[in-house]
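Structural overview
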Amino acid sequence: MIDSHAHLCSDELFPVLDEKLEAARLVGVRNFLTVSSNWDSVSKNVAIAEKYDNIVCSVGVHPLHAMEPYDVDELISLCTNEKVVAVGEVGLEYHYVDLMPKTEQLRCLQDMLSVAQKSGLPCILHARECCDDILGLLREYAIKHAVFHCYTDTLENAKRILDAGFFISFSGIITFKNAGALSEVVKYVPDDRFLVETDCPDLAPVPYRGKVNEPAYVSVVAEHVAALRNVSLKAVDEMTTRNFFSLFPKAAILMKKEISNA
Ligand SMILES: [Zn+2]
Ligand SMILES: [Zn+2]
């Protein structure tokens with residue numbers, strides 16, 4: 001199984017990374033994508049990915065960090081590193097416009113989409129209460145390959161995202177008691193567009209809610225998906241692994257061999 005979205009350079013996880021990777025391995029979670037959110041995390045994640053064979057990374061600036069300094073040319077050049085498989089997480093966070101004005105978020109996203117356009121890498125999108133704006137920009141920048149991570153939006157918007165050809169990824173939020181409407185989206189997304197993630201160290205799934213989240217818990221998310229979709233855990237593992245490699249072809253080149261040897 002793969003955790004498609006983890007923040008392994010976070011203060012909570014990085015100091016105990018070997019221990020947490022071993023805990024994940026013991027429950028069958030063997031590959032990881034460590035996701036950047038600001039300029040500082042970019043170099044940290046590239047270093048982590050270069051150290052471990054079973055970890056790849058993404059580079060990019062999250063909308064809530066839009067006003068911190070970053071270097072677009074340096075990002076484009078980092079995208080040629082073999083362990084950098086995506087641009088992310090980038091996007092729009094309209095639930096917190098009081099923390100970061102829309103104009104700044106939009107400017108930063110346009111920079112990031114130009115990185116994706118120039119590098120040809122897929123995007124990992126953080127998209128909250130912004131479906132019209134983000135779909136419009138993805139069209140404008142001709143972005144064909146992207147995942148809407150930690151999905152919490154409506155079924156109607158999921159249909160628009162799927163119609164545009166993108167993937168949808170679910171986190172531990174689907175295990176929360178108040179996730180009723182989201183369960184319908186989990187059941188709806190077709191087999192070939194579905195990913196699972198932890199978004200650790202945040203958003204630990206039930207029964208770990210409120211604790212520090214870690215990559216091992218993607219298995220809990222997958223179990224919940226299996227129950228909702230009425231399929232086996234193995235089927236969810238196979239489906240999400242296949243989709244991960246289809247969305248992130250650079251990761252497939254590095255990791256497929258290792259998985260078939262496991
Ligand atoms: Zn996010
Ligand atoms: Zn994240």
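Conventions and cut-offs
- Residues numbered from 1 in each chain as written.
- Chains lettered and ligands numbered in written order.
- Predicted model: local features only at pLDDT ≥ 70, side-chain atom pairs only at ≥ 80, totals over all residues.
- Heavy atoms only, no water.
- Axes fitted to C-alpha atoms, helices over the stretch in contact; angles between N-to-C directions.
- Helix = DSSP H or I, 4+ residues; strand = E, 2+ residues; numbered from the N terminus.
- Parallel < 35°, antiparallel > 145°, perpendicular 65-115°, else oblique.
- Left-handed = near helix turned anticlockwise from the far one by under 90°.
- Contact = heavy atoms within 4.5 Å.
- Nonpolar A, V, L, I, M, F, W, Y, C, P; charged D, E, K, R; others polar.
- Phe/Tyr/Trp six-rings, centres within 6.5 Å; stacked < 30°, edge-to-face > 60°.
- Buried < 20%, exposed > 50% of the residue type's maximum accessible area, 1.4 Å probe, protein only.
- Lys NZ or Arg CZ within 6 Å of the ring centre and 35° of its normal.
- Pairing = 2+ DSSP bridges.
- Right-handed = clockwise from strand over helix to strand, strands pointing away.
- Donors = N, O, S within 2.8 Å, 3.2 Å for Na, K, Ca; no water.
- Salt bridge = Lys/Arg side-chain N within 4 Å of Asp/Glu carboxyl O.

Before going further, it helps to examine the packing of helix H6 (residues 155-163) against helix H7 (residues 180-188). To describe two helices that pack against each other, one gives the angle between their axes and the distance between the axes. At a minimum axis separation of 9 Å, H6 and H7 run at an interaxial angle of 30°. Relative to H7, the element H6 lies roughly parallel. Like other packed secondary-structure pairs, H6 and H7 cross with a definite hand, here right-handed. Residues Leu155, Ala158, Lys159 and Leu162 of H6 lie in contact with H7, whose contacting residues are Glu184, Val185 and Tyr188. Residue classes in the contact of H6 with H7 are distributed as 5 nonpolar, no polar and 2 charged.

Okay, the packing of aromatic side chains next. Counted by the stated rule, this structure contains 6 aromatic pairs. Here Phe244 and Phe245 contribute two aromatic rings whose centre-to-centre distance is 5.8 Å and whose plane-to-plane angle is 70°, an arrangement assigned as edge-to-face. In this structure Phe244 comes out as buried when scored by relative accessible area, which is 1%. The structure contains a cluster of three or more aromatic residues connected by ring pairs, namely Tyr151, Phe170 and Phe194. Over the aromatic face of Tyr188 sits the side chain of Lys159, whose NZ or CZ is 5.1 Å from the ring centroid. Across the ring face of Phe176, the terminal group of Arg209 is positioned such that the distance to the ring centre comes to 3.6 Å.

So, on to the pairing of strand S3 (residues 55-59). Of all 5 residues in S3, 5 are buried, a share of seventy percent or more. With burial as the criterion, each face of S3 is covered, one bearing Ile55, Cys57 and Val59 and the other bearing Val56 and Ser58. One ladder, built from 3 bridges, connects strand S2 (residues 31-34) with S3; its direction is parallel. Bridge assignment links Leu33 to a residue of S3, and that residue is Val56. Handedness of the crossover is the feature at issue here: the chain leaves S2, passes through helix H2 (residues 39-51), returns alongside S3, and the resulting connection is right-handed.

Moving on, we come to the coordination of the zinc ion (ligand 2). Around the zinc ion (ligand 2), the protein contributes the donor atoms His5 (NE2), His7 (NE2), Glu89 (OE) and Asp199 (OD), at 2.1 to 2.2 Å from the metal centre. Along the chain, the residues that donate to the zinc ion (ligand 2) are spaced as H-x1-H-x81-E-x109-D. For the pair the zinc ion (ligand 2) and the zinc ion (ligand 1), the metal-to-metal distance amounts to 3.6 Å, and Glu89 bridges them.

A separate point is the environment of Ala86. Turning to its location among the elements, Ala86 is positioned in strand S4 (residues 84-93). Among the residues examined, Ala86 registers a relative accessible area of 0% and is labelled buried. A sequence separation of 100 residues divides Ala86 from Val186, and the C-alpha atoms of the two residues are 24 Å apart. Leave out the neighbours within four places in its chain, and Ala86 touches Cys57, Ser58, Val59, Leu121, Pro122, Ile124 and Phe248.

Here we take up the coordination of the zinc ion (ligand 1). Each angle at a metal carrying four tetrahedral donors should ideally be 109.5 degrees, and each at a metal carrying six octahedral donors should ideally be 90 or 180 degrees. Within the first shell, the zinc ion (ligand 1) binds the protein through Glu89 (OE), His126 (ND1) and His149 (NE2), at distances of 2.0 to 2.1 Å. Ordering the donors of the zinc ion (ligand 1) by residue number gives the pattern E-x36-H-x22-H.

The next point concerns the sheet that holds strand S6 (residues 146-148). If you trace the 8 strands from one edge of the open sheet to the other, you get S1-S2-S3-S4-S5-S6-S7-S8, paired in parallel fashion. The sheet is open, and its two edges are formed by strand S1 (2-6) and strand S8 (194-196), each paired on a single side. Averaged over all neighbouring strand pairs, the angle between strand axes comes to 25°, with direction disregarded. Sheet topology places S4 next to strand S5 (residues 123-128); 5 bridges connect them, and they run parallel.

Glancing now at the pattern of salt bridges. The full count for this structure, using the stated rule, is 9 salt bridges. Across the pair Arg160 and Asp132 runs a salt bridge whose closest N-O atoms are separated by 2.6 Å. In this pair, Arg160 is assigned in helix H6 and Asp132 in helix H5 (residues 131-140), connecting sequence segments 28 residues apart. According to the relative accessible area criterion, Asp132 is exposed, its value standing at 55%. With a closest N to O distance of 2.7 Å, Arg229 and Asp191 form a salt bridge. One end of the pair, Arg229, is in helix H8 (residues 218-229); the other, Asp191, is in the loop between H7 and S8, and 38 residues separate them in sequence.

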